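# Inside the fold
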Amino acid sequence: NGSIISSAIKLDIFKAQAGGTITTSAGKIFLVAFVPTGEQVISIRVSGSGGEKNVSWQWVPEKSITPRITYGRAKPEKYNYVDNPSPLIKDTSGFNICRQPLLNGGAYTTAWKQQDSTLIIAVGYGPAPQDGSTNEAIGHLENFRKKNFGDVISTHKLWWSDYFKKSFIAVPDARMQRYYWLE
C-alpha cells in the first residue's frame, strides 16, 4: 500500500531461509522465504502491520529473453534475435499460472497459490513437442499442499541442520573463517 522506505532482509544459512522486514510509508511487512528440503516449491510467508496488514501479491511477468542480451553481453541485432511469444496469465484449477511459450516449441510455467499468509510458487518446464509445463508446476503445488506445513518445516530444519553440521569447515585463519561465513 505504501511506498518502500527501507528493508532489512538477511539470509540465515543455518536455517536455510531468508527473512526480514520491509518498512513502507504505511507500515511494515514481515517475511520469511525458503525452499523446503525435498520440495519443488518456494514458500514465502508474510504478515503486515499498520496499513500493510492486508498484504497481497501481484504477478508481473518479464519478457523471456536470453540472459546474454538482458545482461548486455550480446546485442539482439547481431544475432537476429527474435523474442519469445508473450506470456499467458490465467487461473487453472484454482491456481494462478503464467505460461511462457518458447520459440523452440517448449514452454515453462510458473504457478502460484496463496494459502492464508503463505504464497507458494512452483515452476514446470515442458520441452517440445509435448509441453507439460503447466501440469508439472501445478503438480508440485498440489503435492506440497497435501502435506502438513509444520511437518515440512520440521523436516527442512532437521535436514538442513544435519547438512550444515556435516559441511561445516573450520579454517585456522580468523580472516578466512569470516570470509567462509560470508560466502
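Scroll up a little and you will see the structure.
Residues numbered from 1 in each chain as written. Predicted model: local features only at pLDDT ≥ 70, side-chain atom pairs only at ≥ 80, totals over all residues. Heavy atoms only, no water.

The subject of this paragraph is the side chain of Ser43. In this structure, Ser43 sits in strand β4 (residues 42–50). Those residues in contact with Ser43, other than ones at most four positions away along the chain, are Val32, Ala33, Phe34, Thr118, Leu119, Ile120 and Phe149. (Helix = DSSP H or I, 4+ residues; strand = E, 2+ residues; numbered from the N terminus. Contact = heavy atoms within 4.5 Å.)

Below, the discussion takes up the nonpolar core. One finds Val41, Phe95, Ile97, Ala111, Ile120, Ala122, Ala137, Ile138, Leu141, Phe144 and Val152 forming the largest nonpolar core, which totals 11 residues. Where this core is concerned, the elements lending two or more residues are β6 (95–101), β8 (118–126) and α2 (133–145). The leading source of residues in this core is α2, at 4 residues. Counting 10 residues, the second largest nonpolar core, distinct from the first, contains Ile22, Ile44, Cys98 and Ile121. (Core = buried A, V, L, I, M, F, W, Y, C linked by side-chain atoms within 4.5 Å. Buried < 20%, exposed > 50% of the residue type's maximum accessible area, 1.4 Å probe, protein only.)

This part takes up α2. With 13 residues, α2 extends 19 Å from end C-alpha to end C-alpha; this agrees with the ideal 18 Å at 1.5 Å per step. Those residues of α2 that fall on the buried side of the exposure criterion are Ser133, Thr134, Ala137, Ile138, Gly139, His140, Leu141 and Phe144. On its buried face, α2 is in contact with β5 (88–92), β6, β7 (107–115), β8 and α3 (149–167). (Expected span 1.5 Å × (residues − 1).)

Between its terminal C-alpha atoms α3 stretches 26 Å, which fits the 27 Å expected from 19 residues at 1.5 Å a residue. Listing the buried residues of α3 in full gives Val152, Ile153, His156, Ser161 and Phe164. Around the axis of α3, the buried residues are gathered within 155° of arc, so they sit on the same side. The exposed set on the far side of α3, more than 90 degrees from its buried face, consists of Asp151, Leu158, Lys165 and Lys166. Structurally, the start of α3 carries an N-cap: the backbone nitrogen of Gly150 is 2.8 Å from a side-chain oxygen of Asn148. (Arc of directions from axis to C-beta. Polar contact = N/O pair within 3.5 Å; in protein donor to acceptor, adjacent residues only side chain to side chain.)

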